Amino acid sequence: MVFKLVRMTLRERKAGLVGAFVALVGASMLITAFGILLQSGLGSGVPTQRYAGAQVVVGGKQSFKVTEGKTKKKPLSQPAPLDSKVTDEVAAVKGVGRAVPDVSFPAQVVAGDGGLDSGGGEQPSTGHSWSSAVLGPFTLQRGRAPRQAGEVVLDAGLAEHVGVSPGQRVKLATTQKAREFLVTGVASLRGVDGPLRSAAVFFSDAEATALNGHPGRIDAVGVLAAPGTDPDELADRIDDRLDGSGAQTYLGDDRSQVEFHDVASARSGLTELAASLGATVVLIAMIVVASTLALNVHQRRRELALLRAVAATPRQVYKMMAAEVLLVSFVASVIGCLPGVVVAKIMRGALSLIGMVPKDFAFSYGPLPMLVAVFASVLAAEVAALGVARKAVAIRPVEAMGEARIEQAKLGRGRAFFGVLLFLLGVAASLLPLFFGSVFAVAGAGTGGLVMIIALLLLAPPVVSLASRLMAGPVRRHTGPHGYLAVANTRANARRLAAGIGPLTLAIGFALVQLCIPTTTAAAAQDQAEAGIVADFTLQGGPGGPPLGVVQDAASVPGVAATTGVVRVELHASRKVLGSPEIFKYQAQGVTPGQVDKTMDLDVTEGSLTKLRGDAAAISGGAASTLGAHVGDRVRLNLPDGSEARPVVVAVYERGLGFGDVTLPQDTVLAHSVRQVEDAVFVRTVAGADKGKVAKALRDLAGRYPGLEVLDKGGLSAAQQEQATSSVLTSALPLALVFGYLAISVANTLVLATLGRVREFSLLRLVGAPTGQVVRMMRVEAGMVVAIAVVVGTVVPLLPLVTVSLGLTGSPVPRIPVLMYLGIVAVTALIGLTAILLPTRLALRTRPVEGIGLRE
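This one's a predicted model, so the numbers in the text were calculated from it and none came from an experiment.

So, how was this worked out
- Residues numbered from 1 in each chain as written.
- Predicted model: local features only at pLDDT ≥ 70, side-chain atom pairs only at ≥ 80, totals over all residues.
- Heavy atoms only, no water.
- Axes fitted to C-alpha atoms, helices over the stretch in contact; angles between N-to-C directions.
- Helix = DSSP H or I, 4+ residues; strand = E, 2+ residues; numbered from the N terminus.
- Parallel < 35°, antiparallel > 145°, perpendicular 65-115°, else oblique.
- Left-handed = near helix turned anticlockwise from the far one by under 90°.
- Contact = heavy atoms within 4.5 Å.
- Nonpolar A, V, L, I, M, F, W, Y, C, P; charged D, E, K, R; others polar.
- Salt bridge = Lys/Arg side-chain N within 4 Å of Asp/Glu carboxyl O.
- Buried < 20%, exposed > 50% of the residue type's maximum accessible area, 1.4 Å probe, protein only.
- Core = buried A, V, L, I, M, F, W, Y, C linked by side-chain atoms within 4.5 Å.
- Expected span 1.5 Å × (residues − 1).
- Pairing = 2+ DSSP bridges.
- Phe/Tyr/Trp six-rings, centres within 6.5 Å; stacked < 30°, edge-to-face > 60°.
- Lys NZ or Arg CZ within 6 Å of the ring centre and 35° of its normal.

1. Examining the packing of helix 16 (residues 460–479) against helix 27 (residues 771–809)
Phase 1: Packing of helix 16 against helix 27 brings their axes to within 10 Å, and their N-to-C directions diverge by 130 degrees. In terms of their interaxial angle, helix 16 and helix 27 are classed as oblique. Here the hand of the crossing between helix 16 and helix 27 comes out right-handed. Contacts between helix 16 and helix 27 involve V463, V464, A467, S468, M471, V475 and T479 from the first element and V780, M784, A787, I788 and V792 from the second.
Phase 2: For the contact of helix 16 with helix 27, the residue count by class is 10 nonpolar, 2 polar and no charged.

2. Notes on the pattern of salt bridges
Phase 1: Across all of its chains, the model carries 18 salt bridges by this definition.
Phase 2: A salt bridge links K177 to D553, with the nearest nitrogen and oxygen atoms 3.8 Å apart. Here K177, found in the loop between strand 12 (169–173) and strand 13 (179–189), pairs with D553, found in helix 19 (residues 549–555); they are 376 residues apart in sequence, far enough to count as distant.
Phase 3: K585 is the salt-bridge partner of E570, the closest N and O atoms lying 4.0 Å from each other. Residue E570 is located in strand 19 (residues 560–577), and its partner K585 is located in strand 20 (residues 580–591); the two are separated by 15 residues in the primary sequence.
Phase 4: Assessed through its relative accessible area of 25%, E570 is described here as partly exposed.
Phase 5: Residue K585 is classed as partly exposed on the basis of its relative accessible area, which comes to 36%.

3. What about the nonpolar core?
Phase 1: Counting 107 residues, the largest nonpolar core has L37, I284, L351 and Y741 as the members making the most contacts within it.
Phase 2: In terms of residue count, helix 27 provides more of this core than any other element does, 16 residues in total.
Phase 3: Leaving out residues up to four positions away in the same chain, L37 has contacts with L270, L273, A274, M347, L351 and F363.

4. Brief notes about the environment of E207
Phase 1: Tracing the backbone shows E207 in helix 5 (residues 205–212).
Phase 2: If sequence neighbours within four positions are ignored, E207 has contacts with Q148, A149, G150, E151, R179 and F181.

5. Considerations on helix 28 (residues 818–843)
Phase 1: If you check helix 28, its first and last C-alpha atoms are 37 Å apart, about what 26 residues at 1.5 Å a residue would give, namely 38 Å.
Phase 2: Turning to helix 28, its buried residues number three or more, namely I824, V825, T828, A829, I831, G832, A835, I836, P839, T840 and A843.

6. Side note on the pairing of strand 22 (residues 616–620)
Phase 1: Across the 5 residues that make up strand 22, a large majority, 5, are buried.
Phase 2: Neither face of strand 22 is open: one carries A616, A618 and S620, the other A617 and I619, and all of them are buried.
Phase 3: Bridging between strand 22 and strand 26 (residues 662–665) involves 2 bridges; their strand directions are antiparallel. Within the sheet, the bridge partner assigned to I619 lies in strand 26 and is V662.

7. Quick notes on unusual backbone geometry
Phase 1: Here the bond from G136 into P137 is cis, since omega is 0 degrees, no more than 30 degrees from zero.
Phase 2: Its location among the elements puts P137 in the loop between strand 9 (123–129) and strand 10 (138–143).
Phase 3: Even without being a glycine, D603 presents a positive backbone phi close to 60 degrees.

8. Some remarks on the side chain of T174
Phase 1: Positionally, T174 belongs in the loop between strand 12 and strand 13.
Phase 2: Apart from the residues within four sequence positions on either side, T174 is in contact with P106, A107, F203, L211, P543 and P547.

9. Points about the packing of aromatic side chains
Phase 1: Applying the stated criterion to the full structure yields 7 aromatic pairs.
Phase 2: Plain terms: the ring middles of F105 and F203 are 5.4 Å apart, the flat faces sit at 50 degrees to each other, and that makes the pair tilted. Residue F105 is found in strand 6 (residues 105–106), and its partner F203 is found in strand 14 (residues 198–203); the two are separated by 98 residues along the sequence.
Phase 3: With centroids separated by 6.2 Å and ring planes inclined at 90 degrees, the aromatic side chains of F361 and F363 adopt a geometry described as edge-to-face.
Phase 4: Connected via pairs of aromatic rings, a cluster forms that spans F105, F181 and F203.
Phase 5: Note that R197 overlies the ring of F260, its terminal NZ or CZ placed 4.7 Å from the centroid.
Phase 6: One cation-aromatic arrangement involves K345 over Y365; the distance from NZ or CZ to the ring centre is 5.5 Å.

10. Some details on the pairing of strand 12
Phase 1: Looking at chain direction, strand 7 (residues 108–110) and strand 12 are connected through 2 bridges and run antiparallel. Bridge assignment links V109 to a residue of strand 12, and that residue is L172.

See below:
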């Protein structure tokens, strides 16, 4: 009986459920797209090349564990290096024919103009030992292998690109001073046509070890299996042998994770992006679907009231609505999967454009994200339907018909209670940056802003009613009779308008919170870097960055008083919270000790940077608050390779956004990361020195270190600028999708709400209101709807944005790009006005005598 009634309802009331259908199609589309991002982040990304001939590759660990009562695991942005002793361990495993260690380091050809040639691949060319060529396998086309220092073999694509042959000399920029090498041979990778993703330069084994700069460490071990050995079984035996060492085995395309560090970093970024926004998308979908279902129930209130009056039980009404939503949500979510794949492809291109993923990174389009999208969309719809159905069955049968005639102005006690509670919790979370300088506070403030917006969705009817009262006077004075009608309609139908105003408010508020916190953070970082660099020159550029020798060579230039080399990395810190470890990701810098305070002013508030040597660290005030540490305490760090360190805090400083929240001695960073060159070198001149002569002398270093750039003073480095821009764009990209989804859902809701007012428009026309007056009334009403949404959507996020700005910069003025804000408001206004006025024109085409007889 219930399903028979559902079929009849769907057949006769298709238009009533169009809103929910469209919202669910969009929800499935977004969940599919983010699911594909997550699945791609867990995949390989690109096929392996240099390791194609190795059946198994042993690489460093990709995660680390922290135990504080409980154990938590966190991923690393790229595999950690290995101890060279692992090679002998792997070679001793049964079935291993040969275990070949491999190292990788910058090695680029110096062009005729003194610049660097990337080699024609997706990534700049890299250097390796000749013994690792067998892992390709690379075979000599011409010439011979390098036997001693000063000799190299180029891969065929690189040799053709730069136009050299065996017997000729080529100048290479590596981790040391650039010098010429004799090309002894040209090798090609079997089975690969065209240039490699990263062109290969092969050195003698001894020279490759020296240029790698990390004695006793290697990047990977390639395993050539003995004939007849199953790779999977061999990998299992190697894992058993290396159990506890942190090393792990890779098979198939997963080998590329060890070969290409940019791929490993992209995979990590995709996983974090999808995981952080996936739950938000589901929550927003639930809110939007609930809003459209609420509008549908409102338009069907007479029908539902009649059912209750003729003895339909609450259980039957629940079943009917759940069945309706089940059918609609299943069909809609299945349809939404296909455009979700298209959206994922668009996102792949956009993420590649902003540099988050390599251009040749392949997304994985398997069926799992689609299945998850269908399940999540149906579940979200059913949960939303459950909440909406409570309103339909809350009234008693004897009151049902009366309830259907007059819209209740008051909220239910439960909805009002939870709405007020959420709003107060959001306010409390938004105030956290005023009292705490930790990462918890900033994250809490951002979350608080979203919670307040969601609370206002629950409280939307009284908010709309109150806003209408406040606007009533000015609107009536300036718009005439049609303004009176618009105000009366807005106040009398607050629930109906709330269904459209709520998502409009969510769109504006969500956009401001998600975009303006990153822009405020990026601006604060730029200001801190500009204020904190007291050096006169900044050196950057080169094969991956300035080689380590630049620091000493720049220091020897006449007129230079101090130089500081900086290596920037990512690491983690942890502390025990409520019986389990909490792990925080931080940007860190490794600095050459001794002269740091002469080249950069970190605004030290406690301790001194002069003690930054050996087992020591300096941390920002925000990190100190988060970790509960002070000068003299030890903090728990997991360095870039995942190894644990407990350095003593020797200083606390304020400019963490511009320079990183953790500052360590450079030797510590280099010993526990894959970095082999500097990110920047800061140079301070002697007082009264001729800066023009010093600058010329520094530029002359480019002869020894090709690609080196000399910048005056400086703020954020090029890498930091790129990272900050990428952070803002990475936030903007998924936000644009969510904003688009909200926009479509809002438009859909407002269109249906307006088209459902045909009887109202007909009645107005029958009692003498001309068509033009009805149109003018709707223009005023649409303007009020947009104005309420814009004001509420702007005012609510201001509290967390102001407190975050105060916490980060000391200024109450957040960095809100004016053009961006105007664009958000303009798009929102256009959607709201169009979605109300265009359907009004369509509704007015119905003759009044016909429209008044239409059912509700």
